[in-house]
Amino acid sequence: MELTFLDPVYARPGPYACAYLNTSRDVHDPEAAIRLRRQHLREDLARQGADNATVAVVADIAGTDREVSGRHGQAIFASHGGLVLVEELPDPPAHDAARFGALPDVMPLAVQHAPDIPYAAATVHRAAHPETGAPEEMEVDFQTGRWPSSTVAPERRRHRSGPATKWPHGAAEIAGELADLVHRSGAEVIVLGGEVRARNVLVNRLPEPLPERVVSVADDGHPAGEGRALLEQELSDVFRGRMSGRDRARVEKFRTRRTRQAGAVEGMTAVVAALQRAQAGALLLNTPVDLPLRLWAGSEPTQIALSAADLESFGVLAFQEEQPGAALIRALVRTGAELVVVPREELPLEDGVGVLLRYTDPGVPL
């Protein structure tokens, strides 16, 4: 998984105020609940030394995601009185959290982006108009996204309709438009719901090899709630336990290299050493996340170490103890490395972390 969506955070200097809030709308009087969460957020950040302007900008944006229905959360990052990133969370945090520090605590957000599978979803259903006596129509809704972040931040939904009697011709036009979206979005999977016969016609009109990517689901073909992804529950069922093709390839490469004892390392000591040399191509992270050590970090992304003494030995003069996730993700983002989130039961890693190396000897790529 690429981490370029975090670039705006590091484009501004710290310190950073970070907040993870439950902003679900499926509770009694959500506005009252969010007002209380906002007040606690203000108090927590002020207690940690955040300046008034930064506290205000975080609190002002908290809970403003009213366009998203149902259960979800919100991640907010600000620095020096300016908002740097706001994202909706598919799952609300178990507990609201606010932190003010030199590095942004982006690990929970990054993990919620995984497995980051690009997909397309479409539904086909028949619409009758008995009140007007108008002919039946076939209606199609389709949408692309990246699972699971698009659950609560979906792309624009497209809607097409036409006479049911001319569906074979209409399906060909829709198939062309859908194929273009799949190509531009890099969708690995096409999830298709709605009326069985109608959707089969649509599949048959898709150009090769797209029919092989289609997963049909039992759905009535009607769009989901406000601010939610089309076929949300069906997407969850299809993608449960699945990794993106890109991440799967990196896991297999890690297995191979680990067996050969070349080009892959694991354990926090080895991972930190690789990040210090900008040697990491991808960090593999076990979930549930349980990083055992705190890290020390300086002002540069490669200034990361297991102890203050290590940084002093490198000549770093200014540094502080940091949460391991914050230090690791900054190093990945700023050195162009990727993150691969993999369940512990599938690939247990020492200390819960491993790295695919870009090179083993200086200047010699793998």
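Here, every reference points to the structure presented above.
Scope of this entry: the structure provided in the associated data block. (Residues numbered from 1 in each chain as written. Predicted model: local features only at pLDDT ≥ 70, side-chain atom pairs only at ≥ 80, totals over all residues. Heavy atoms only, no water.)

1. Some details on helix 5 (residues 167–185)
Here helix 5 spans 26 Å end to end across 19 residues, near enough to the 27 Å set by a 1.5 Å rise per residue. Among the residues making up helix 5, those that are buried are Trp 167, Ala 171, Ile 174, Ala 175, Leu 178, Ala 179, Leu 181 and Val 182. Taken end-on, helix 5 shows its buried residues confined to a sector of 160°, consistent with a single buried face. In this structure, helix 5 carries His 169, Glu 173, His 183 and Arg 184 as exposed residues pointing more than 90 degrees from its buried face. Structurally, helix 5 contributes buried residues whose contacts are with strand 5 (117–129), strand 6 (134–147), strand 7 (158–163), strand 8 (189–194) and helix 6 (196–205). Of the residues flanking the end of helix 5, it is Gly 186, one or two places downstream, whose phi is positive at about 70°. (Helix = DSSP H or I, 4+ residues; strand = E, 2+ residues; numbered from the N terminus. Expected span 1.5 Å × (residues − 1). Buried < 20%, exposed > 50% of the residue type's maximum accessible area, 1.4 Å probe, protein only. Arc of directions from axis to C-beta. Contact = heavy atoms within 4.5 Å.)

2. What to know about the side chain of Arg 228
Mapped onto the secondary structure, Arg 228 falls in the loop between strand 9 (214–216) and helix 7 (232–239). A polar side-chain atom of Arg 228 sits 2.6 Å from the main-chain carbonyl oxygen of Ser 69. In terms of polar contacts, Arg 228 uses its side chain to reach the backbone carbonyl oxygen of Arg 71, at 3.1 Å. Not counting the four nearest positions on each side in its chain, Arg 228 is found in contact with Val 68, Ser 69, Gly 70, Arg 71, His 72, Thr 151, Val 152, Pro 154 and Arg 157. (Polar contact = N/O pair within 3.5 Å; in protein donor to acceptor, adjacent residues only side chain to side chain.)

3. As for the side chain of Ser 149
With respect to the secondary-structure elements, Ser 149 resides in the loop between strand 6 and strand 7. Apart from the residues within four sequence positions on either side, Ser 149 is in contact with Pro 90 and His 113.

4. Structural notes on the sheet that holds strand 1 (residues 16–22)
Either a parallel or an antiparallel arrangement is found when strands of a sheet pair, and the pairing is made through backbone hydrogen bonds. Strand order across the open sheet formed by four strands is 3-2-1-4, with antiparallel pairing between neighbours. With partners counted over all chains shown, the strands left at the sheet margins are strand 3 (82–89) and strand 4 (97–101), one partner each. Adjacent strand axes in the sheet meet at a mean angle of 10° when their direction is disregarded. The sheet contact formed by strand 1 and strand 2 (residues 73–79) spans seven bridges and is antiparallel. In the sheet register, Cys 18 faces strand 2, and the bridge partner there is Phe 77. In the packing of helix 3 (residues 52–61) onto the sheet, contacts are made with strand 1, strand 2 and strand 3, and the angle to strand 2 comes to roughly 155°. (Pairing = 2+ DSSP bridges. Axes fitted to C-alpha atoms, helices over the stretch in contact; angles between N-to-C directions.)

5. Description of the nonpolar core
If you look at the biggest cluster of nonpolar residues, it comprises 45 residues, and the most contacted ones within it are Leu 3, Leu 6, Phe 77, Leu 109, Ile 329 and Leu 339. Here this core takes seven residues from helix 11 (residues 324–335), the largest share from any one element. If near-sequence neighbours (up to four positions away) are discounted, Leu 3 is found in contact with Ala 110, Leu 332, Val 333, Ala 337 and Leu 339. Core analysis: the second largest hydrophobic core is formed by 24 residues, Ala 120, Ala 164, Ala 187 and Ile 190 among them. (Core = buried A, V, L, I, M, F, W, Y, C linked by side-chain atoms within 4.5 Å.)

6. Some remarks on the pattern of salt bridges
In this structure the tally under the stated criterion is 24 salt bridges. As a salt-bridge pair, Arg 258 and Glu 266 come within 3.1 Å of each other at their nearest N and O atoms. Here Glu 266 falls in the partly exposed class, since its relative accessible area comes to 23%. (Salt bridge = Lys/Arg side-chain N within 4 Å of Asp/Glu carboxyl O.)

7. Notes on the packing of aromatic side chains
Applying the stated rule across the entire model yields four aromatic pairs. Their ring planes at 40° and their centres at 5.9 Å tell us that Trp 147 and Phe 239 sit as a pair that is tilted. Taken together, the residues span a long stretch of sequence, with Trp 147 in strand 6 and Phe 239 in helix 7 at a distance of 92 residues. Given a relative accessible area of 3%, Phe 239 falls into the buried group. By way of ring pairs, the aromatic residues Tyr 119, Trp 147 and Phe 239 are connected into one cluster. (Phe/Tyr/Trp six-rings, centres within 6.5 Å; stacked < 30°, edge-to-face > 60°.)

8. Considering the packing of helix 5 against helix 6
Running from amino to carboxyl end, helix 5 crosses helix 6 at an angle of 55°, the nearest separation of the two axes being 8 Å. As far as their axial angle goes, helix 6 and helix 5 are oblique. For helix 5 against helix 6, the interelement crossing comes out right-handed. Residues Trp 167, Pro 168, Ala 171, Ala 172, Ile 174 and Ala 175 of helix 5 lie in contact with helix 6, whose contacting residues are Ala 198, Val 201, Leu 202 and Arg 205. (Parallel < 35°, antiparallel > 145°, perpendicular 65-115°, else oblique. Left-handed = near helix turned anticlockwise from the far one by under 90°.)

9. Details of the sheet that holds strand 9
Here we have five strands laid out as an open sheet, ordered 7-6-5-8-9, and mixed in their pairing. At either margin of the open sheet sits one strand with a lone partner, and together these are strand 7 and strand 9. Recorded for the sheet is a direction-independent mean angle of 20° between the axes of neighbouring strands. Here three bridges tie strand 8 to strand 9, and the two strands are oriented parallel to one another. Counted as the bridge partner of Val 191 is Val 215 from strand 9.

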